Amino acid sequence: GGISRYVASADSFAPIVPKDINLTKQISSIVEESSGVLWFASESDGLLKYTPSKDSDKLGEFSQLTINNGLASNSIYSLCIGADGKLYIGTDHGLSVWDGNKISTYSGNSQLSTLKIKTILDDEQGRLWLGTQESGLLVYSLNELASNPNAQPVATLNTQNGLSVNTINTIYNDKAHRLWIGS
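A.B. asks: Explanation requested: the environment of I103 in the structure shown.
C.D. replies: One can find I103 in strand β10 (residues 103-105). Linking I103 and A72, residues 31 residues apart in sequence, is a C-alpha distance of 9.2 Å. Residues within four places of I103 in sequence aside, it is in contact with L65, N69, G70, L71, S96, V97 and W98.

A.B. asks: When you look at unusual backbone geometry in this model, what are you seeing that I'm missing?
C.D. replies: What you tend to see is this: most non-glycine residues have negative phi, and most peptide bonds are trans. Positive phi outside glycine occurs at E134, with the angle close to 75°. By the element assignment, E134 lies in the loop between β12 (127-132) and β13 (137-141). If you check the backbone angles, H177 has positive phi at about 65° while not being a glycine.

A.B. asks: Looking at this structure, how should I read the sheet that holds strand β11 (residues 117-122)?
C.D. replies: Two orientations exist for strands paired in a sheet by backbone hydrogen bonds: parallel and antiparallel. Spatial ordering of the open sheet is given by β11-β12-β13-β14, a layout of 4 strands whose pairing is antiparallel. Strand pairing shows two members of the sheet lacking a second neighbour, β11 and β14 (155-157), which therefore form its edges. Taken pair by pair, the neighbouring strands of this sheet meet at an average axis angle of 20°, ignoring direction. Both β13 and β14 contribute to a ladder of 3 bridges, which runs antiparallel. When the bridges of β14 are listed, L138 appears paired with T156.

A.B. asks: Which parts of the structure should I look at to understand the nonpolar core?
C.D. replies: The tendency in soluble globular proteins is for nonpolar side chains to be buried side by side. Counting residues in each nonpolar core, the largest one holds 16 residues, and the members touching the most others are Y88, L95, L112, I120, L128, L130 and L145. Residues in contact with L112, not counting those within four places in the same chain, are H93, G94, L95, Y106, L130, Y140 and L145. Of all hydrophobic cores here, the second largest spans 13 residues; its members include A41, L47, L79 and L87.

A.B. asks: Where do I start with the sheet that holds strand β5 (residues 47-51) in this structure?
C.D. replies: Within the open sheet, the 4 strands sit side by side as β3-β4-β5-β6. Their pairing is antiparallel. Unpaired on one side and paired on the other, β3 (27-32) and β6 (61-65) mark the two borders of the sheet. Strand-to-strand, the axes of this sheet are offset by a mean angle of 20°, without reference to chain direction. In this sheet, β5 lies alongside strand β4 (residues 38-42) in antiparallel orientation, the contact comprising 4 bridges. Bridge pairing in β5 links W39 to K49.

A.B. asks: I would appreciate a short explanation of the packing of aromatic side chains in the present structure.
C.D. replies: Here a ring pair, both rings aromatic, is described through the centre-centre distance and the interplanar angle of the planes. For the coordinates displayed, the defined rule picks out 4 aromatic pairs. Where W39 meets W98, the ring centres are 5.5 Å apart and the plane angle is 55°; that geometry is what we call tilted. Of the two residues, W39 sits in strand β4 while W98 sits in strand β9 (residues 94-98), which places them 59 residues apart along the sequence. Summarising the burial analysis for this pair, W39 and W98 share the class buried. Three or more aromatic residues joined by ring pairs form one cluster here, namely F40, Y50 and F62.

Parameters at a glance
Residues numbered from 1 in each chain as written. Predicted model: local features only at pLDDT ≥ 70, side-chain atom pairs only at ≥ 80, totals over all residues. Heavy atoms only, no water. Helix = DSSP H or I, 4+ residues; strand = E, 2+ residues; numbered from the N terminus. Contact = heavy atoms within 4.5 Å. Pairing = 2+ DSSP bridges. Axes fitted to C-alpha atoms, helices over the stretch in contact; angles between N-to-C directions. Core = buried A, V, L, I, M, F, W, Y, C linked by side-chain atoms within 4.5 Å. Buried < 20%, exposed > 50% of the residue type's maximum accessible area, 1.4 Å probe, protein only. Phe/Tyr/Trp six-rings, centres within 6.5 Å; stacked < 30°, edge-to-face > 60°.

Okay, structure coming up:
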């Protein structure tokens, strides 16, 4: 596993993770903040933050966040930057959130602290869709989650609602606001 960047002038890829960060598993998700900061989810090594250099010829700086920094788990499946600017982190032990300064975990919420969250999507209506392993789709209000760590989902969708299986690997919201589910 690792992270590489395409170098057009050389028509090749170059690994970019510094030697002091040991990646033992694959990268499962990448998102970019409006500031240009990149976040990389690792399947066993936590979360990597890449802050680009102001000089485009130089490599930026990496930092690593793990359970020691408050993550629910070092096994991260998915990342999503919500409309509220927060980074939502789906792990094999529930949901964590980076607010720009620190990581919080929904450890008091029995449902959010036990789920394997495989994919996350926020929609234009202020909802956070969580695709899980074996528990279907859970839909939360972003406002409710922000004010109440014990918030309950506004909807739980599974095979009883027509899903073919209860493991959701990916969610996509198209331009016509249709939700597509990959299982």
